[in-house]
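# A closer look at the structure
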Amino acid sequence: MPSRGDLRWSALAILAAALLPAGPLAVVAQTTTAVCLSSFNWMDNSKTQNPCLVAAYLQGACNGGQFTVDALPLNTHYTGPYADESNACQCSSVTYNTISACGLCQNRTIIGWSAWNTNCSTVYPGVFTSGVPSGTAVPQWAFQDVTTSDLFNATLAQATGDNPESTASNPQSTATNAATSSTTSVSLTATPSASSTSSSASSASSNSDAGAIAGGVVGGVVGLALIAAVAVFYMKKKKRSQIPPSAQFNNLPSPGYPLPSGNNTDSNAFLTQMTQPKLYDPSDPSTFPASPPPNTITTVSSQNIPGSNVNYSNPSMRPSGYYSGVPEI
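What this report covers is the structure whose coordinates are included nearby. Everything numeric in this text was worked out from a predicted model, so none of it was measured.

Each value, and the rule that gives it
- Residues numbered from 1 in each chain as written.
- Predicted model: local features only at pLDDT ≥ 70, side-chain atom pairs only at ≥ 80, totals over all residues.
- Heavy atoms only, no water.
- Buried < 20%, exposed > 50% of the residue type's maximum accessible area, 1.4 Å probe, protein only.
- Helix = DSSP H or I, 4+ residues; strand = E, 2+ residues; numbered from the N terminus.
- Contact = heavy atoms within 4.5 Å.
- Pairing = 2+ DSSP bridges.
- Right-handed = clockwise from strand over helix to strand, strands pointing away.
- Core = buried A, V, L, I, M, F, W, Y, C linked by side-chain atoms within 4.5 Å.
- Axes fitted to C-alpha atoms, helices over the stretch in contact; angles between N-to-C directions.
- Parallel < 35°, antiparallel > 145°, perpendicular 65-115°, else oblique.
- Left-handed = near helix turned anticlockwise from the far one by under 90°.

### Focus: helix α2 (residues 51-60)
The buried fraction of α2 amounts to 10 of the 10 residues, a majority that puts the element mostly inside the structure. Within α2 the residues assigned to the buried category are P51, C52, L53, V54, A55, A56, Y57, L58, Q59 and G60. Check the buried side of α2 and you find it contacts β1 (29-32), β2 (66-69) and α3 (93-105).

### Overview of the pairing of β1
Here β1 runs beside β2; their pairing, made up of four bridges, is parallel. Counted as the bridge partner of T31 is T68 from β2. You can see the chain leave β1, run along α2 and come back into β2, and the turn it takes is left-handed.

### A short note on the nonpolar core
The biggest cluster of nonpolar side chains holds 31 residues, and the ones touching the most others in it are V69, Y78 and V138. Mapped onto this core, the elements with two or more residues apiece are α2, α3 and α4 (113-116). Leaving out residues up to four positions away in the same chain, V138 has contacts with V54, L58, V94, V132, F143, E165 and S166.

### Here we look at the packing of α2 against α3
Viewed as axis vectors pointing N to C, α2 and α3 meet at an angle of 150 degrees, and their least axial separation amounts to 8 Å. The angle between α2 and α3 places the two elements in the roughly antiparallel class. Viewed along their axes, α2 and α3 form a crossing whose handedness is left-handed. Here P51, C52, V54, A55, L58 and Q59 of α2 lie close against α3, whose contacting residues are V94, T95, T98, I99, A101, C102 and C105.

Just geometry here; none of it tells us what the structure is for.
Structure, rendered in structure tokens:
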């Protein structure tokens, strides 16, 4: 027979088992340690939940209701899901927008939509297919279209505002939200889209390349012309320096020949018209040398010679070589 003490412990065990639920314990917790700056209070929903807590609710919808968004240290940012952990909640642009707002309200940087969904096999732009969980409300700005700009725009979000919110009991029309967000983005966003910026950059680059090519062609042609002109100049100068100075006068007639009469000054024509002297031929009298002129002696009277009539009476006064006319031995 069991003792009184054993019965007491058995009763306590039965009571404890009766108090436990029939199923496993369900722990529901969506929390955040991030604190937003007061200047970003416009991001809070009607339940005064900051975007970090709203992002925890949205990501917890695909994780059994449990998710915590931690505060960001300096020089860090939130990253997208890993490939083996990606799901419809994390691959929605609504989650991306709320987590980006969470980073901005802490004065941190954010990444683009394409970088966030890199590991997502399927993306859900402008919609949250898992349904908004109870206990939170998703602001209207969280449905912003980021497929064109590829980046959450806080200025556009503030202009869009909180209402109408999307809740578990009052989900918003995703098609209307996407269209409204896209239309508002076009009218309010001053920053050009990535595609238009890329197109403008490509156009400017092509124009710049065309101008550079044209300038290079013109410069090359001018350079070649200058090089050719310099080469011709030096070739002519070198050719002139190789001609001896005497060659410039080769066509002039030899000394002793008279220049041709008339207006014909062509030296080559003159040389061809000149009669070449014949070589000596004993059988041809015309080649004989001309006879020299006869040798003549011209006598001059002594009377015409100055000093010839001077009479020197004293022979010692006669100059040397004086001839008196008398034969001398």
